[in-house]
Amino acid sequence: MTDSTKTETPSVAAGGAQKAHTGLTTRKDNWWLEPALVACGFTLFIVYATFRVFENGHYEIGSYLSPFYSPKFAFDWWKFSPAILILWIPAGFRATCYYYRKAYYRAYFWDPPGCSIGHMGGHNYTGETKFPFVFQNAHRYFFYLASIVLIFLWYDVYLAFFQPTGFVVSGINLFMLLNVILLSGYSGGCHACRHLVGGRLDCFSKCESTKQQFKLWHLVTKLNEHHMLWAWLSLFSVGLTDLLIRSYEMGYVPEMRFF
Amino acid sequence: MREALLKVFRGEKDSGEYVTYKVPIEEGMVVLDAIHYIQANFSPELAVRWNCKAAKCGSCSAEVNGRPSLMCKSRMDKFADGEEITVQPIKSFPHVKDLVSDVSWNYRANEKIPAFTPAADADWTFYQEDIDRVQEFRKCIECFLCQDVCHVIRDHDRKDFLGPRFMVRSAGLEMHPLDTVDRTRFLKEEGGIGLCNITKCCTEVCPESIHITDNAIIPLKERVVDEFYDPIAKFFKTVFGGKKK
Amino acid sequence: MADYEIHEHDVLVIGAGGAGLRAAIEASSMGVSVGLVCKSLLGKAHTVMAEGGVAAALANVDPKDGWETHFQDTMKGGKMLNNWRMAQLHAQEAPERVKELERWGAVFDRTKNGKILQRAFGGHTYKRLCHVGDRTGLEMIRTLQDRGVHQGIKVYMECCVSRLLKDGDKIAGAFGYYREDGRFVLFKAKAIVLATGGVGKSFTVTSNSWEYTGDGHALAYDAGADLIDMEFVQFHPTGMVWPPGVRGILVTEGVRGEGGILRNKDGERFMYKYLPESTKNDFAATDEEAKTWVDAALEGKQTEARRPPELSTRDNVARAIYQEVKAGRGSEHGGVYLDISYQDPERVKKKLPSMYHQFKDLADVDITAGPMEVGPTMHYIMGGVRVDAETAATRVPGLFAAGECSGGMHGANRLGGNSLSDLIVFGKRAGAGAADYAKKLTATPTVSDESVKAALDEMEAPFSRPNGVNPYDIAKALNQIMSTHVGIYREEKELEAGIAKLEDLKAQVKEVGIKGTKAYNPGWHLCRDLKNMIISSEAIARSALSRKESRGAHSRLDYEDIDEENWGHVNSSISKDGDRMKLEHTPKPEMPDDLKNLFKKKEPVNA
Ligand SMILES: Cc1cc2nc3c(=O)[nH]c(=O)nc-3n(C[C@H](O)[C@H](O)[C@H](O)COP(=O)(O)OP(=O)(O)OC[C@H]3O[C@@H](n4cnc5c(N)ncnc54)[C@H](O)[C@@H]3O)c2cc1C
Ligand code: SF4
Ligand code: SF4
Ligand code: FES
Ligand code: FES
């Protein structure tokens with residue numbers, strides 16, 4: 001046994017005894033790193049995407065169409081960027097996505113900034129019960145709309161491979177393909193989707209139809225387990241696909257055609 | 001012999017001081033062992049809850065270096081040599097003494113949840129795939145670490161929110177293949193499910209690795225959406241008749 | 001006199017484990033007012049730690065099973081010393097009690113055709129243990145807890161009963177304190193059910209928690225009830241042995257039930273050697289046969305192959321491990337190896353998740369990749385308060401007992417899984433017995449001021465000795481005594497020396513003192529618990545000394561064999577005689593012929 005029982009008794013604060021919990025946190029790890037990185041990542045993407053929407057150009061060349069501008073609506077009466085007509089769908093989809101909600105509530109609203117970190121966010125917390133956040137409940141509608149947009153994106157990929165001149169494989173259309181795969185993985189693992197395909201059932205084994213739903217639910221669940229990963233990868237891939245097409249259109253990079 | 005420095009909160013009703021103790025380290029030792037060493041050798045009156053010492057009962061919840069954890073599962077060898085280890089009581093509930101807090105609110109919250117209610121003529125045949133979800137929720141050992149870390153309770157003191165533990169329990173009842181009660185209104189109105197902003201701290205601390213947010217709260221939120229926020233589905237349900245409940 | 005709170009109930013249940021909860025539910029459903037007291041928070045009782053399963057002859061997996069076989073297994077496991085009527089009721093009613101749990105919301109693992117899945121366990125002829133992975137106790141206590149909560153039972157958490165109070169010879173109430181702030185409390189009750197669990201904290205290496213200080217045993221003893229079979233202390237063969245902090249923590253028998261193999265350091269599968277002649281034919285003779293059985297079990301198929309030798313009863317396996325280690329064939333840290341890593345890792349993780357995590361987190365061992373080190377650990381006490389099989393009534397009017405603190409059901413050795421079923425079968429019976437008694441009672445018994453004052457003074461006393469003996473030192477000394485002198489193997493000289501030391505300790509306990517206030521003061525609580533620990537320890541030691549044979553969990557080096565003639569028909573019985581502990585040998589109840597006949601047939605018979 002050690003000779004000294006107490007090695008140090010911290011001086012008791014002048015005004016009386018201490019409280020069990022003071023200050024922000026006694027965590028010693030770099031808890032602020034994750035929200036900081038997330039905030040940087042999102043901000044970067046938002047700035048780039050906003051710039052691209054209002055740039056209103058360099059989004060199409062040959063059979064390649066940027067995902068920011070697809071499906072392309074070109075109407076005479078619409079004088080602004082066609083991206084505005086479409087981009088609210090994926091934007092709304094991601095803004096109401098359960099993963100993104102977590103990430104930006106933490107990174108932007110500090111509600112909470114990290115776990116067991118003292119209160120830093122605003123007051124009168126109402127969670128998702130009041131305006132505006134009560135609209136997060138509309139996520140499934142965005143899921144429906146985003147699924148339609150996704151079909152168009154697959155069609156764009158088809159067009160990018162089967163060009164009027166024949167079958168083409170290039171760095172650009174391969175990247176477009178990767179992008180839609182990642183986007184599909186992201187949408188397919190959506191919580192609303194998981195609920196709709198089977199999660200809403202209480203019993204899977206009742207009859208044939210629910211057994212099929214169980215299989216689907218199981219598949220979606222597998223994707224859902226890594227929803228965060230899909231969210232980030234597809235966010236980057238959308239941005240990069242657009243950047244790639246823009247750069248090609250502006251002549252900064254080659255098409256990298258294999259055959 | 002290697003020694004560890006434990007800085008333990010000592011006091012009653014949130015007022016006290018941190019006292020630092022030197023405890024010899026044995027191989028494989030956990031923080032709870034160190035606390036027991038202090039009890040047996042320096043301070044028999046040190047208050048701490050524990051039972052199983054094997055992460056099965058959920059009694060020994062505390063905050064170790066600021067992280068809500070089970071003391072019987074916190075290995076001493078994950079701390080650096082000579083590092084001072086801070087041990088605090090859990091924060092979200094009224095402090096009693098030393099490492100013990102008054103968690104009785106949780107038991108009252110639990111009573112509000114509508115009980116399991118099977119149909120009188122239920123056929124008790126059901127299959128493993130029907131209950132895999134429910135069994136995950138029933139792993140809960142009621143350590144209340146998720147309740148402690150949840151910012152809705154911890155920072156905003158919103159006791160009109162049942163907290164993640166009871167979302168998990170509700171999910172276990174809602175998804176039970178033979179239960180007949182619909183708890184969506186309860187969850188929205190009394191359970192305060194909308195107050196959860198799915199920021200997942202509960203999932204991060206759960207010693208049973210229950211995917212509290214992904215598998216319990218979000219699916220429940222979706223069920224609440226079905227009932228209250230999805231006019232189109234509601235319309236079809238009324239016109240064509242929905243599933244039983 | 002200091003202040004105390006007063007509560008009144010028709011039935012007071014002390015203990016909120018499986019037995020206590022089931023009793024409270026039953027009593028309350030009969031319309032009497034019920035109070036439920038527990039030392040820990042609700043839901044933290046030992047029952048929560050039970051892993052392997054609850055035994056009930058549902059015959060979902062092995063259609064040949066039935067209550068008769070379960071009854072015979074239980075009696076054979078208990079070396080025929082069991083109270084036959086309890087064993088019979090237990091075997092007959094367990095299936096209904098388990099199904100009732102399911103109807104209350106418990107979610108057991110399923111068979112392929114949608115019924116409750118059952119696994120093999122030591123001493124059970126057929127696959128009989130209903131389970132939920134390896135957290136069956138959790139499922140059970142949560143189900144009962146939630147059921148109880150919605151029935152309006154009043155629960156007093158973190159409240160410890162220190163004395164039972166009587167009016168004449170009848171139970172009249174109980175006195176205790178709240179752990180939180182040390183405030184005293186008096187319960188007035190017509191009937192009391194004891195369901196306080198076991199005594200493990202008197203041993204150094206044990207799977208039991210701080211709660212197991214033999215409170216129910218001692219409270220009943222002090223109130224005039226008798227304790228039977230106290231010499232039968234079960235050492236579970238597989239506790240963790242390394243690292244030191246977790247020594248004694250249980251490794252569920254489920255590991256062996258799922259096919260776990262025991263080997264010594266030379267790689268020898270030693271259990272073949274230790275099978276008693278009488279049961280040798282029930283077990284596989286070769287590795288191939290054992291493997292066939294395991295493969296069939298994993299696939300849910302029937303087979304002619306016999307069970308692996310690891311599934312012998314706990315007393316045998318514990319002794320075998322002890323002897324292997326003693327002979328120098330033990331593992332690095334003084335245990336043997338238990339190996340399940342030859343099976344598919346995913347399956348192991350699914351069927352034994354908490355074992356997987358327990359070893360991974362606490363011992364840095366991946367059980368899907370290598371063997372675990374295990375050794376015997378004090379686990380359970382078969383002995384306890386003598387009760388009537390039908391009503392669980394003790395000989396003190398108004399006092400009932402169920403669960404681990406009651407005696408008779410398990411005889412000389414308990415089979416795994418028979419405790420959880422015991423809790424629900426006799427918990428229900430005790431609740432009904434107590435409610436019935438309370439309803440029939442014409443005059444409400446009264447509690448005298450003197451008896452309350454005596455109880456209160458006893459609790460205050462340690463504070464008058466701030467520089468008294470440290471209660472933790474006494475507890476440590478007691479652990480030493482029990483582990484050295486009253487362990488797995490016993491001997492007259494050792495036991496006598498142990499009893500002498502216990503007498504010394506009794507004197508020292510009067511000198512324990514404590515500093516600080518009454519608010520959540522574990523040292524103060526221990527001062528009172530020590531008294532109970534010593535009473536139950538002395539009862540164990542004295543009963544062990546008196547039984548001059550080896551039977552079940554009681555192994556004497558000086559009397560190595562079972563002695564049916566002299567010892568097969570008596571139970572040792574401990575009771576209080578003034579200041580002394582009285583030991584008698586009372587005749588064991590004789591089984592009726594129809595049950596006796598079951599044992600004459602070669603093959604187990606079933607309805
Ligand atoms: C690790 C482990 C694994 C096990 N696995 C299995 C298994 O797989 N199958 C099986 O059948 N059995 C198993 N057992 C045995 C079984 O779990 C116990 O025997 C059983 O749970 C005891 O239940 P009980 O209701 O009698 O007491 P407990 O569940 O221990 O409850 C005792 C209650 O009494 C209260 N109490 C005690 N003293 C007082 C007092 N003075 N005042 C007020 N309250 C008091 C306690 O607070 C507690 O609530 C296992 C045991 C352990 C330790
Ligand atoms: S996810 Fe919801 S319940 Fe869980 S900690 Fe965050 S706010 Fe609380
Ligand atoms: S859900 Fe997890 S963290 Fe919450 S009480 Fe249960 S076990 Fe603890
Ligand atoms: S939850 Fe992320 S897309 Fe729906
Ligand atoms: S003591 Fe049981 S969980 Fe830590």
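This is a predicted model, so every value here is computed, not measured.

When you look at the state of the cysteines in this model, what are you seeing that I'm missing?
Such a bond, covalent and formed between the sulfur atoms of two cysteines, is termed a disulfide. The final tally for this structure, using the stated rule, is one disulfide over all chains. Residue pairing for C115 of chain A: its cysteine sulfur links by disulfide to C201 of chain B, the two sulfurs lying 2.2 Å apart. Handedness of the C115 of chain A-C201 of chain B disulfide follows from its S-S torsion of about -90°: it is left-handed. One end of the pair, C115 of chain A, is in the loop between α3 (98–107) and α4 (139–161); the other, C201 of chain B, is in helix α8 (residues 201–205), on a second chain.

In this structure, what is going on with the pattern of salt bridges? I would like to understand it.
Think of it this way: side chains of opposite charge can pair up when their charged atoms draw near. Residue and element names in this part refer to chain C. Summed over the entire model, instances satisfying the criterion amount to 96 salt bridges over all chains. Residue E253 is joined to R314 by a salt bridge in which the shortest nitrogen-to-oxygen separation is 2.5 Å. Of the two residues, E253 is situated in the loop between β11 (233–240) and α6 (254–257) and R314 in helix α8 (residues 314–326); the sequence distance between them amounts to 61 residues. Of the two residues, E253 and R314, neither departs from the other in class, the shared state being buried. Two residues, D287 and R269, come together in a salt bridge whose shortest N-O distance is 3.4 Å. Taken together, the residues span a long stretch of sequence, with D287 in helix α7 (residues 287–299) and R269 in the loop between β12 (261–263) and α7 at a distance of 18 residues. Members of the salt-bridge network, linked through shared partners, are R163, D222, E458, R528, K531 and K576.

Is there a simple way to explain the interface of chain B and chain C in this structure?
How big an interface is tends to be stated in terms of accessible area lost as the parts join. On the chain C side, the residues contacting the 55 residues of chain B number 61 residues. Summing the contributions of chain B and of chain C, the shared interface buries around 4700 Å²; its carbon and sulfur component is 53%. It is N51, K56 and R138 of chain B in chain B that bury the most area against chain C; as a group they hold 15% of the surface buried on that side. Connecting chain B to chain C are eight salt bridges. Among the salt bridges present, the one from E51 of chain C reaches K56 of chain B, with a minimum N-O distance of 3.0 Å. Inspection of the region where chain B meets chain C yields 38 residue pairs in polar contact (both at pLDDT 80 or more). Mapped by element, the contributors of at least two residues to the side of chain B that touches chain C are α1 (31–41), β6 (95–97), α2 (104–111), α3 (128–137) and α6 (164–174) of chain B. The residue inventory of the side of chain B that touches chain C, partitioned by class, reads 27 nonpolar, ten polar and 18 charged.

What's the story with the site of ligand 2 in this structure? I'm lost.
Residues and elements named next belong to chain B. Close to ligand 2 lie 14 residues, the nearest being C150, C196, T199, K200 and C202. Among the elements of the structure, α5 (151–154), α8 and α9 (212–228) are those that each provide at least two residues to the shell around ligand 2. Counted by class, the shell around ligand 2 contains nine nonpolar, four polar and one charged residues.

Rules behind the numbers
Here the residue numbers are simple positions, counted from 1 along each chain's written sequence. As they are written, the chains are lettered A onward and the ligands numbered 1 onward, keeping that order. Predicted model: local features are reported for residues with pLDDT of at least 70 only, side-chain atom pairs are reported and counted for 80 or more only, and whole-chain, interface and lining totals are derived from all residues. The side-chain values count all of the structure's non-hydrogen atoms but skip hydrogen atoms and water molecules. Two cysteine sulfurs form what is called a disulfide whenever their separation falls within 2.5 Å. In this text, helices come from DSSP runs of H or I with a minimum length of four residues, and strands from runs of E with a minimum of two, each type numbered from the N-terminal end. Counted as salt bridges are all cases of a side-chain nitrogen of Lys or Arg within 4 Å of a carboxyl oxygen of Asp or Glu. Three exposure classes are used, based on accessible area relative to the maximum for each residue type with a 1.4 Å probe and protein chains only: buried under 20%, partly exposed in between, and exposed over 50%. The contact definition used throughout considers only heavy atoms, calling two residues in contact when any of these lie within 4.5 Å. Buried area: the accessible area, evaluated with a 1.4 Å probe, that two parts lose upon being put together, summed over both parts. Polar contact is defined as a pair of N or O atoms within 3.5 Å, subject to the rule that within protein one atom must be able to donate a hydrogen and the other to accept it, and that residues adjacent in sequence are counted only when both atoms are side-chain atoms. Just so you know the grouping, Ala, Val, Leu, Ile, Met, Phe, Trp, Tyr, Cys and Pro go in nonpolar, Asp, Glu, Lys and Arg go in charged, and all remaining residues, Gly too, go in polar. One heavy atom within 4 Å of a molecule or strand is enough for the residue carrying it to be called near that molecule or strand.

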